[in-house]
Every structure is written in C-alpha cells, then in structure tokens.
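Coordinate inspection notes
Chain residues, written in single-letter form:
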Amino acid sequence: MKEYSLALVGATGVVGREARKVLEELQLPISKYVFLASSRSAGTKLEFMGKEYEVQELKEDSFDEGFDFAVFSAGGETSKKFGPIASSKGAIVVDNSSAFRMEKDVPLVVPEVNPGDISWNHGIIANPNCSTIQAVVPLKVLDDKYTIKRIIYSTYQAVSGAGKSGIDDLENGIQGYVDNEEYELTKFAHPIFNNCLPDIDVAMPSGYTKEEEKMINETRKILGKPDLAVTATCVRVPVFNSHSESINVEFENEFDLEELIETLKKSEGIIVEDDLPNHIYPLAANSTGHNEVYVGRIRRDFSVKNGLNFWCVADNIRKGAATNALQIVKYIIEN
Ligand code: A2P
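Just so it is clear, the structure is predicted and the values come from calculations on it, not from any experiment.

1. Digging into the packing of aromatic side chains
- Under the definition given, this model contains 13 aromatic pairs.
- Seen from their ring centres, Phe-63 and Phe-72 are 5.9 Å apart, and the 25° between their planes marks the pair as stacked.
- Phe-63 sits in the buried class, given a relative accessible area of 1%.
- Judged by relative accessible area, Phe-72 falls into the buried class, the value being 0%.
- Relative to Phe-193, the ring of Tyr-177 has its centre 5.1 Å away and its plane inclined at 45°; by these criteria the two rings are tilted. Taken together, the positions of Tyr-177 in helix α4 (residues 163–179) and Phe-193 in the loop between α4 and α5 (210–223) put the pair 16 residues apart, joining distant regions of the chain.
- In textbook terms, an aromatic cluster arises when at least three aromatic residues are bridged by ring pairs, as seen for Tyr-33, Phe-35, Phe-48 and Tyr-53.
- A cation over an aromatic ring shows up here: Arg-300 above the ring of Phe-255, its NZ or CZ 4.2 Å from the ring centre.

Below you can see the structure in the form of structure tokens.
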C-alpha cells in the first residue's frame, strides 16, 4: 500500500493541535509528517504518535522535498503566500482559511456533502468556514429530500474559533471577574465574558459581517445553489468550544416530521439528540472532542408553509476545521 507524506502548517495553533489528535485517531497511511509554524515556535518539540518532532519554520523552500498533502491552518495571509508554493511543488493543499474559498477553480468541500467536487481540484481544496460546515451536513440531507427554498441562520459561536487570543479573552474575563480586576482584551472589541457579540470577523459594506457573508456564500457554493435565499446573524458567545446554531429552513416540498427525523438519524456524520421533555438536545460542552454534527429541537415552523426549525451543534475546531480537512485527505487517499 502506498505511504503518503503530509505537512501541517500552523501545527502549533488551536486547529493545528487538534489536527494532530485527529491524525493520531484516523491512522491514515501517512509515513512522513512535517510540522510547520512561524519563527516564534520553530525548534519547539512536540509529541506525535509516540515520537518527538521538532517544529520547523515555514519558509519558501519548506515544500521543496515534496509532499502529497499540505494542510494549512495558519491564517489567510499565510495561505495566500505559501499555499500556491506548496501546490506548485506537487502537494494537494487543503486550506482552512478563507483565502481561496470563493475562487471558481477551488472546490469547497464537506466530505459528507459534496465529495465529488474534490475531483476537479487544481492543487488547492478549501475547507469551508466552521459554522457553514456543521450547517450544511444536515441541510444537504434535507435539501436532497425536500428541496430547500430559504435558510435563516442564527449562530452562537465559541471563542476557540477566534484562535488562542479569543480563548485568552474569555479566560482573562473570567479571572478578572473573580479577582475584581481590570484586564486587557487581546482579540475582541468588547469583553466576551458575560456578553454576546454580534460581530465576527470584519464589517462589510453590506452591513453584514464577513462571517455572515461567508455563511451565505459558502452555503450556496457547497450546495450548488448559487441563487438560494440565505441570511445569517453570527454571534460570538462566552463558550470555550463548539458552535451552536439555530437553523430555520423553508422547503419547496411538504414533509412528514417523523420521516424527516428518521432521515437525519440515518445520515452519515449526524447524531440526532431530540427529546425536549427529558431535556435532551445538542450541547456545546457534550459535542466537544467529537467529529459528528449534533442535531436536535427538530420542529415545524408553523409561521410558514413547509417550515422547519432545528438546533445544530458541532466541535468547531474538529468538524468545523481539523476533522473536515483531514476527512478530505482521507477521501483522496481512499479514492
Ligand atoms: P506560531 O505558534 O509559531 O505563532 P492560532 O489560530 O491558535 O492563533 O494559531 C495560528 C497558527 O498559525 C500557529 O501555529 C502559528 O504559529 C501559525 N502562524 C501564524 N502566522 C504564521 C506565519 N506567518 N508563518 C507560519 N505560521 C504562522
């Protein structure tokens, strides 16, 4: 069996660290790993699959030795500069940033949803935005069966999605509250502790945030429906990990609620937790550390024809980033 090689760019970051865990779990036929980060952490030692590796500084010649895969989680600027270099040296780049997602010749892939799009890649495959990935897993199943007409997203997003500095802001906020002391914000415009911030990524001329525009545009691209009516409000909440989303959908076709729930239960990558009287529904804390998308509170929206509401939770660092990217790598290896 062929053995592959993989370079992990941003190996020391929040997503990179989780990607190392997911790689250990997946046991892919990869025999060579190289871990890359900035000069700040070059030389740092890390444990991986029982061996010690030294983190290397990402440079223009980092990919000269040739890799089958280069997985990037080091921010958009790093991807823009080094992604094309890695792919020009023969690696298939799986990029976690938003740098290439909306480019026409770059597939935007969630393996449960549109694995077929991997085949037309030109060396770069984009991993969608975390909040979009978890939403489209159940939405694709429902679209295939009932045809989606309109989607309204309302998100409750964890601080881990903002990287280490986002986590620091929540930790410092909690500590500052306990000690009754002032603290410096490192990431957000306002304290995230004891707050909800409807302000993720940057402000756009449309009046939306970039995160909201990403959800709208990426949903259309992944589902292959460029004119689909989609709107979104994205909110950062004081939760360390796992994004929660309220999703409202209108279908073209009528549906039977029990049948719809059964369809979701049988679908790959989805766990249905839906028993409100017994207080069973997806929870951020419970989904952390898991690769699946959790769906619950599944109920009719009686205010429109063929309307549905549901609650959708997933580990944003796993399924929303590291797991999804490595499932793409796995799919390529297996196909
Ligand atoms: P480093 O640890 O050396 O700063 P997070 O999202 O948790 O903030 O992590 C970002 C990741 O991207 C880290 O691994 C970080 O490395 C890496 N990174 C950031 N900027 C660069 C860069 N210019 N070149 C290479 N890696 C980078």
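2. Some thoughts on the side chain of Arg-318
- Here Arg-318 shows up in helix α8 (residues 318–334).
- Residue classification places Arg-318 among the buried residues on the basis of a relative accessible area of 3%.
- With residues up to four places along the chain from it excluded, the contact list for Arg-318 reads Glu-18, Lys-21, Val-22, Glu-25, Gly-289, His-290, Asn-291, Thr-323 and Asn-324.

3. Overview of the domain arrangement of the protein
- According to the domain assignment, the protein consists of domain 1 (4–129 + 321–334) and domain 2 (132–316).
- Using C-alpha coordinates to define each centre, domain 1 is positioned 25 Å away from domain 2.
- Each partner contributes to the interface: domain 1 provides 18 residues, whereas domain 2 provides 22 residues.
- For the pair domain 1 and domain 2, the summed buried surface comes to about 1700 Å²; carbon and sulfur atoms form 59% of the total.
- If you sort the residues of domain 1 by the area they bury against domain 2, Glu-112, Val-113 and Asn-129 come out on top, with a joint share of 37%.

4. Thoughts on α4
- Compared with the 24 Å implied by 1.5 Å per residue over 17 residues, the 25 Å span of α4 between its first and last C-alpha is a close match.
- Residues of α4 that are buried include every one of Gly-166, Ile-167, Asp-169, Leu-170, Gly-173 and Gly-176, and no others.
- Residues of α4 that are buried make contact with α1 (14–26).

5. Here we look at the packing of helix α3 (residues 130–146) against helix α6 (residues 257–265)
- Where α3 meets α6, the closest approach of the two axes is 10 Å, and the angle between their N-to-C directions is 130°. It follows that α3 is oblique to α6 by the angle criterion. Crossing handedness for the pair α3 and α6: right-handed. In this structure, α3 uses Pro-138, Val-141, Leu-142, Lys-145 and Tyr-146 to contact α6, whose residues at the interface are Glu-259, Leu-260, Thr-263 and Leu-264.

6. Overview of α1
- Look at α1: 19 Å from first C-alpha to last across 13 residues, which is about the 18 Å you get at 1.5 Å a residue.
- Looking at α1, one finds that the buried residues are Val-14, Val-15, Gly-16, Glu-18, Ala-19, Arg-20, Val-22 and Leu-23.
- Against β1 (4–9), β2 (30–37), β3 (45–48), α4 and α8 lie the buried residues of α1.
- At the C-terminal side of α1, Gln-27 shows a positive phi close to 50°.

Parameters at a glance
- Residues numbered from 1 in each chain as written.
- Predicted model: local features only at pLDDT ≥ 70, side-chain atom pairs only at ≥ 80, totals over all residues.
- Heavy atoms only, no water.
- Phe/Tyr/Trp six-rings, centres within 6.5 Å; stacked < 30°, edge-to-face > 60°.
- Buried < 20%, exposed > 50% of the residue type's maximum accessible area, 1.4 Å probe, protein only.
- Helix = DSSP H or I, 4+ residues; strand = E, 2+ residues; numbered from the N terminus.
- Lys NZ or Arg CZ within 6 Å of the ring centre and 35° of its normal.
- Contact = heavy atoms within 4.5 Å.
- Domains from an automatic or database assignment.
- Buried area = accessible area lost by both parts, 1.4 Å probe.
- Expected span 1.5 Å × (residues − 1).
- Axes fitted to C-alpha atoms, helices over the stretch in contact; angles between N-to-C directions.
- Parallel < 35°, antiparallel > 145°, perpendicular 65-115°, else oblique.
- Left-handed = near helix turned anticlockwise from the far one by under 90°.

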